[in-house]
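Chain and residue survey
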Amino acid sequence: MRGKKRLTDRWAPTLKVMGVTWLMVLLGLHCSGIYLFTRGFLLTRTELSASSLPSDLHLSPCSSSSSSSFPDPVPPHLHPSRPGWTQPTVDRILILIVDALRFDFVAPSTFFQEKKPWMDRLSLLQHLASTQPNSSRIFKAIADPPTTSLQRLKALTTGGLPTFIDVGNSFGAPAIKEDNWIHQLVKNGRRVVMMGDDTWTQLFPEHFNESYPYPSFNVKDLDTVDNGVVQHLEPWLHREDWDVLIGHFLGVDHAGHIYGVDSLPMIEKLEQINAIIQNVTDVMKTQKHLENTMLIVMGDHAQTLNGDHGGGTSEEVETCLFAWMPRSLPSSISSIFDQSTCNLDLNGENICTSTMQQLDFAVSISALLGIPFPFGSIGRVNPELYALSPGSWNPQWYLAAFCEDSRSDLETWKHNYAHILCINSWQVKRYIDSYSATSVMGFPTDDLRHITDLYNKAQSSWSGSKNSPCIPENGIINGFSNFLLSFAALARSAWTEFDLKLMGVGLGIIIISIICHILVFVRVHSQSNVYGNKIEKSSDHLQIYVAFFLVAVRAVSFLSNSYILAEGRVANFLLATTAIASTRSSLVYGKFKKHDLVFLILIIFIRFGIETGMTKQAVTNPFLKYDSGSDFDSKWLPSLFQGLDFSTLFSEVSPMIFLVLLAFVSYKIITCIVDSSGIKWIVTIGSMLSYTLIATFWLSERSFAPRMVYGIGFGLLVLNFVIRGTGILERGDALQRLRNLALVMVAAWIPTILILLGKQGSFAVLVCVFAGWSIISSKNKGLLDDCKMDPISVTQWSLLSVCLFYQTGHWCTFDGLRYGAAFIGFDEFKIVRQAILLFIDTFGISHILPIFSLPFLVCLPASSSSKKRDKTVIVLNLTQVYLLYGLITAITTTLTILCVAIQRRHLMVWGLFAPKYVFDAIGLLLTDLLICISALFHC
């Protein structure tokens, strides 16, 4: 080109510095914008440090200091060493928590349309509920999302609502600072013993008289925690030096994560839990000191059929609570129980269940034990759970103080419960006033005024009843209940505080980064045309417009929660659109090639994979399948193929076939591309050995195999950096050197990602390789003058990465995390190591592989030319590819952020929009970081 001095290789380092600098600037802008938006959006509710004291009750209108007509709730001569707000109605409480306990694990199968193999395994609880209806009850306990164990335990003990931001603490729980019933027990001289999940000792490090914690995050271990609880549980039942005993079982949760609900290990764990509870009830019936002890068997949350939890679906929030007393209770208790859900069990006995909110658990436990209610509790003392305690039916001091004549058991109970609700409501109102005065935003004025009116009305009814205390006042109970339920609904709908200024500033920075991103890309694109002697054509502009349209369609779809749920399908549809358009163009010009047909076929397979991934089933051994028409058989089949259908056999054999095919393809690619014989054979041997070890692991579950795969992958990464640092390939062709480095990088990552993905990984990676080849081949360029960035190809690369994310069973919710992958090759839990493996499993095939493969989009690798490539042009073209790929990710993430800001009051904000934002924000930062690393490495 005359009048212009063509740049030579000496300009490449300067262009590299400029490109990497801009990439790092964009990374910094994205970090700043996301940080500020997150600070404004994911604020936790204000946690008050105040704590309830026994003396506080005298300030309430429910105490004797407010009215001489009413005595103190707990006469000093009854419990002189146990000050509290209410009369204790039980001596002890035994709480057995079965982690991830689904409601259909406990309720009879007759309550459901179809009987499943996991139903009716906890037969003892059903037997007690049907034969002792006046002293036992099955509750469907509704948990508030997020349904991770840390949030649920925190909510169960404080009586407050969980916060989304606490998900980040799930692997390192901080001690609870808010008032809670564990703290109240210890402060008021009660003795608490804990055994099981070590999350309890993290949340309450100095609260237990005795504790026996066991590691909770090794989901592959189904027995250690449960056996530890069994080891210590019965000895403590024979002792009298405790008031509350907590046993937290984890086997059911871990069996769900690894094998799914529909599996033999799950059935075995449920039957083990049933046997444990049977033993506990036998002991309670024979021990005199346990006759006034309440047994509570409950879940902290439920789980999906795949064993996942964390979201807000009905499968995840509908857990169970079972309560039982060894002592018999008055028959009039049946008038308090909800009789709306009753049915016959398998034995023909009538059995009823009730529904309660887990939000009510903390204050109900406090009322049963006679301790001050936690200051931040906003729940209601559940009437049915409270009625199961013998002390609530016979408060003799209460009758003597109020009534001259004896009244019926039901009237006595209603008077007592109305008094409890008065205290309950007063505490919640006190919390509302304190929270509104302390919090930055508090609650909406109109809603707060309505809540206050409800409380004042209920309190007026209570004060008016003092003139005739022996007359049952259902209106008082209804008034206080209406106040408590209304405020709980208000808190659920408007609890989260949003700092709109921080959110606006963060969103503004992200938009500014998009503008800068576009300007830098346009500048680099124009420089590439000048230095590469390329003339801008109308077709080039058309490609950019088409690419922008595809990205815009996908990004705008995030404004709909339905399209967020169907994101994988949307990406596949757009990818198929580009493939069909490309095929049509090839046919029109008479240049149809095989890679177009291959790409279309692969997209069909990807679509089926996405459908399978979105309804992900746990990978279970086919030999453990059950026959739906018979009882579950826990024995292995006598012969290898007996009882196996074709689909089961195929699911076991096909991963090996795909693995062998992937090894063959990898071998051919490595030997064809890598030109250095020494490096070629090192990479080939390392890759083939890794695939052999993966096959060994799938066949024998040998833990050494994954560790060796990780080691080989790390060794290949080190080799790649040695190649780059020593300049072994500097003397060769610039494009060939780029291809060598990129291939070794990808070869180092593939085996690790593949083994973490499980048996589905071989097919997913194989699809990734062939789809990548099809996209690269569609460029059909090879000479230097034709070696340019194709925006359609980069867009297809981005859409393919999204499809692979969903095809492999991931999705943008916390219950989509595959925790079992973090323990492949390891049995013991170490947070850093397990976090790294989980991170690679989640983002490996959707971020790591696609980004490190981007150098292949610069030119067609199969082309051969004796002409030496210009390094400067290669650097410019590669920078364009990086910038465009990052821009696509940034635009989609920006629309996600905008969507979250708009839908911040949406019903599904915490169950869908917020997790989507977190995954996309992390994905954007990871994309920027990997692009910076790749640019520094390759340019």
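Residues numbered from 1 in each chain as written. Predicted model: local features only at pLDDT ≥ 70, side-chain atom pairs only at ≥ 80, totals over all residues. Heavy atoms only, no water.

Some words on the overall build of the protein
Worth spelling out the cut-off: Per the convention used, a helix needs a DSSP run of H or I reaching at least four residues, while a strand needs a run of E reaching at least two, with both numbered from the N terminus. Buried, partly exposed and exposed residues are distinguished by accessible area as a fraction of the type maximum, computed with a 1.4 Å probe on protein chains only: under 20%, between the cut-offs, and over 50%, respectively. It only takes one pair of heavy atoms within 4.5 Å for two residues to be counted as in contact.
Broken down by element type, the protein carries 30 helices and nine strands. Burial statistics for the protein: of 939 residues in total, 59% are counted as buried. Residue pairs in contact within the protein that sit at least 24 positions apart in sequence constitute 79% of those at least 6 positions apart.

Regarding the pairing of strand 1 (residues 92–98)
The following threshold applies: Criterion used throughout: strands pair if DSSP finds at least two bridges between them.
A large share of strand 1 lies buried, amounting to seven of its seven residues. Here strand 1 shows two buried faces, one formed by R92, L94, L96 and V98 and the other by I93, I95 and I97. Relative to strand 6 (residues 293–298), strand 1 runs parallel, the two sharing six bridges. Directly across from I95, in strand 6, lies its bridge partner I296. Inspection of the sheet shows strand 1 paired to strand 5 (residues 244–249) by six bridges, in the parallel sense. Bridge assignment links I97 to a residue of strand 5, and that residue is H248.

Here's the deal with the pairing of strand 6
Successive residues of a regular strand alternate their side chains across the two faces of the sheet. Here strand 6 lies mainly inside the structure; six of its six residues are buried. Where burial is concerned, the two faces of strand 6 agree: the one with T293, L295 and V297 and the one with M294, I296 and M298 are both buried. Here four bridges tie strand 6 to strand 7 (residues 318–324), and the two strands are oriented antiparallel to one another. Each bridged residue has a counterpart across the sheet, and for V297 the counterpart in strand 7 is F322.

Observations concerning the pattern of salt bridges
In a structure, side chains of opposite charge can pair up when their charged atoms sit close to one another. Threshold: Salt bridge, as used here: a side-chain nitrogen of Lys or Arg that lies within 4 Å of a carboxyl oxygen of Asp or Glu.
Evaluated as defined, the whole model comprises 22 salt bridges. Note that K288 is salt-bridged to E291, the shortest N-O span being 3.6 Å. Residue classification places K288 among the exposed positions, given a relative accessible area of 65%. Salt bridges sharing partners connect three or more residues here, namely R554, E567, K916 and D920.

Here we look at unusual backbone geometry
Despite not being glycine, A100 shows a phi value in the positive range, around 65°. If you trace the backbone, A100 turns up in the loop between strand 1 and helix 2 (103–106). In this structure, D120 takes a positive phi of about 65° despite not being glycine. Note on placement: D120 falls in the loop between helix 2 and helix 3 (123–131).

Details of the state of the cysteines
Put simply, the rule reads: Defined by distance alone, a disulfide is two cysteine sulfur atoms within 2.5 Å.
Counting across every chain of the model gives two disulfides. Shown here is the disulfide that connects C62 with C422, its sulfur atoms set 1.9 Å apart. One quick way to see it: the torsion about the S-S bond of C62 and C422 is about -85°, and its sign makes the bridge left-handed. Of this pair, C62 sits in the loop between helix 1 (12–41) and strand 1 while C422 sits in helix 14 (residues 409–438), and the two are 360 residues apart along the sequence. Relative accessible area serves as the criterion here: at 2%, C62 is assigned to the buried category. Here C422 falls in the buried class, since its relative accessible area comes to 0%. Two residues, C342 and C352, share a disulfide whose sulfurs are 1.9 Å apart. Here the disulfide of C342 and C352 is right-handed, its torsion about the S-S bond being about 105°.

What to know about a nonpolar patch on the surface
Note the threshold: Here, patches come from residues exposed beyond 30% relative accessible area and free of salt bridges, joined within 9 Å for like charges and within 5 Å for nonpolar side chains (Val, Leu, Ile, Met, Phe, Trp, Tyr). Computed with a 1.4 Å probe, the accessible areas rest on the Shrake-Rupley method; for each residue, only the protein chains presented here act as cover.
Judged by side-chain polarity, V556, L559, L898 and I902 come together as a nonpolar surface patch covering roughly 330 Å² of accessible area. As for its placement among the helices and strands, L559 is situated in the loop between helix 18 (538–556) and helix 19 (561–565).

Let's talk about the packing of aromatic side chains
Rules: To pair, rings of Phe, Tyr and Trp, with the six-membered ring standing in for Trp, must have centres within 6.5 Å; the planes then decide the type, stacked if under 30 degrees apart, edge-to-face if over 60, and tilted in the middle. Only lysine NZ and arginine CZ atoms are considered, and such an atom sits over a ring when it is within 6 Å of the ring centre and within 35 degrees of the ring normal.
Throughout the structure, instances matching the rule amount to 24 aromatic pairs. Their ring planes at 75° and their centres at 6.3 Å tell us that F204 and F208 sit as a pair that is edge-to-face. Each member of the pair F204 and F208 is classed as buried. Pairwise contacts between aromatic rings join Y386, W393, W413 and Y417 into one cluster. For the cation-ring pair, R92 lies above W242, with the distance from its terminal atom to the ring centre recorded as 5.5 Å. Above the face of the W236 ring, R239 is positioned so that its terminal group lies 3.7 Å from the ring centre.

Some remarks on the sheet that holds strand 3 (residues 192–197)
Backbone-to-backbone hydrogen bonds pair the strands of a sheet. The strands run either parallel or antiparallel. Here is the rule: The angle between two axes is taken between their N-to-C directions and runs from 0 to 180 degrees, where each axis is a line fitted to C-alpha atoms and a helix contributes only its stretch in contact.
Here nine strands make up an open sheet; going across it, the order is 4-3-5-1-6-7-2-9-8 and the pairing mixed. Only two strands of the sheet have a single partner each, and these edge strands are strand 4 (210–214) and strand 8 (341–344). Here the average twist between neighbouring strands, direction ignored, is 15°.

Overview of the environment of H810
Under the convention used in this document: Under the rule applied, a polar contact is a pair of N or O atoms within 3.5 Å (in protein, one hydrogen donor and one hydrogen acceptor; residues adjacent in sequence only if both atoms are side-chain atoms).
Positionally, H810 belongs in the loop between helix 27 (791–807) and helix 28 (831–852). Owing to a relative accessible area of 1%, H810 belongs among the buried residues under this scheme. C-alpha separation for the pair H810 and F843, spaced 33 residues apart in sequence, amounts to 9.3 Å. Ignoring any residue separated from it by four or fewer positions in sequence, one finds H810 in contact with L757, F805, G816, R818, D841 and T842. Only 2.9 Å separates the side chain of H810 from the side chain of T808, close enough to count as a polar contact. Separated by 3.1 Å, the side chain of H810 and the backbone oxygen of D841 make a polar contact.

Overview of the environment of S364
Structurally, the position occupied by S364 is in helix 11 (residues 361–369). The class of S364 is buried, set by a relative accessible area of 2%. Separated by 17 residues in the primary sequence, S364 and V381 place their C-alpha atoms 4.5 Å from one another. Within the local environment of S364, its side chain forms a polar contact with the backbone nitrogen of N382, the two atoms lying 2.9 Å apart.

As for the packing of helix 27 against helix 29 (residues 871–902)
Note the following rule: Convention used here: angles under 35 degrees read as roughly parallel, angles over 145 as roughly antiparallel, angles from 65 to 115 as roughly perpendicular, and any remaining angle as oblique. Note on convention: near helix rotated counterclockwise from far helix by under a right angle means a left-handed crossing. Clockwise means right-handed. For this classification, the nonpolar set comprises Ala, Val, Leu, Ile, Met, Phe, Trp, Tyr, Cys and Pro, the charged set comprises Asp, Glu, Lys and Arg, and every other residue, Gly included, is treated as polar.
Here helix 27 crosses helix 29 at 50°, and the two axes come no closer than 10 Å. What the angle tells us is that helix 27 and helix 29 run oblique. Judged by the twist between their axes, the crossing of helix 27 over helix 29 is right-handed. Contacts from P791, V794, T795, W797, S798 and S801 of helix 27 reach helix 29 at V881, L884, Y885 and I888. Looking at side-chain class alone, the contact of helix 27 with helix 29 contains seven nonpolar, three polar and no charged residues.

Considering the packing of helix 23 (residues 677–700) against helix 25 (residues 734–757)
Two measures define how a pair of helices packs: the angle their axes make with one another and the distance between the axes. Contact geometry of helix 23 with helix 25 gives a least axis separation of 10 Å together with a crossing angle of 5°. In terms of orientation, helix 23 and helix 25 fall into the roughly parallel class. Residues I679, V683, S687, S690, Y691, I694, F697 and W698 of helix 23 pack against V744, A747, I750, P751, L754 and I755 of helix 25. Here the contact of helix 23 with helix 25 is built from residues that sort into twelve nonpolar, two polar and no charged.

Considering the side chain of T892
Following the sequence through the fold, T892 ends up in helix 29. Judged by relative accessible area, T892 falls into the buried class, the value being 5%. Not counting the four nearest positions on each side in its chain, T892 is found in contact with V551, R554, A555, F558 and D920.

Points about the nonpolar core
Keep this limit in mind: Think of a nonpolar core as a cluster: buried Ala, Val, Leu, Ile, Met, Phe, Trp, Tyr and Cys residues, connected wherever their side-chain atoms sit within 4.5 Å.
Counting 148 residues, the largest nonpolar core has F41, W749 and Y917 as the members making the most contacts within it. Residue contributions to this core peak at 18 residues, all from helix 25.

Observations regarding the confidence of the model for the protein
For clarity, the threshold we go by: Each residue carries a pLDDT value, the predictor's own confidence for that position, ranging from 0 to 100.
In this model, the protein carries an average pLDDT of 82, and 81% of its residues clear a pLDDT of 70 or more. Segment residues 166–172 is flagged for pLDDT under 50; beyond a separation of four residues in sequence, or across chains, it makes 18 contacts in the model. Below pLDDT 50 for its whole length, residues 397–402 participates in 16 contacts with residues either more than four positions away or in separate chains.

Observations regarding the environment of V363
Assignment of secondary structure puts V363 in helix 11. Residue V363 is classed as buried on the basis of its relative accessible area, which comes to 0%. Between the alpha carbons of V363 and F373 there is a distance of 5.7 Å; along the sequence they are ten residues apart. Excluding residues that lie within four positions of it along the chain, V363 makes contacts with F373, S377, G379, R380, V381 and N424.

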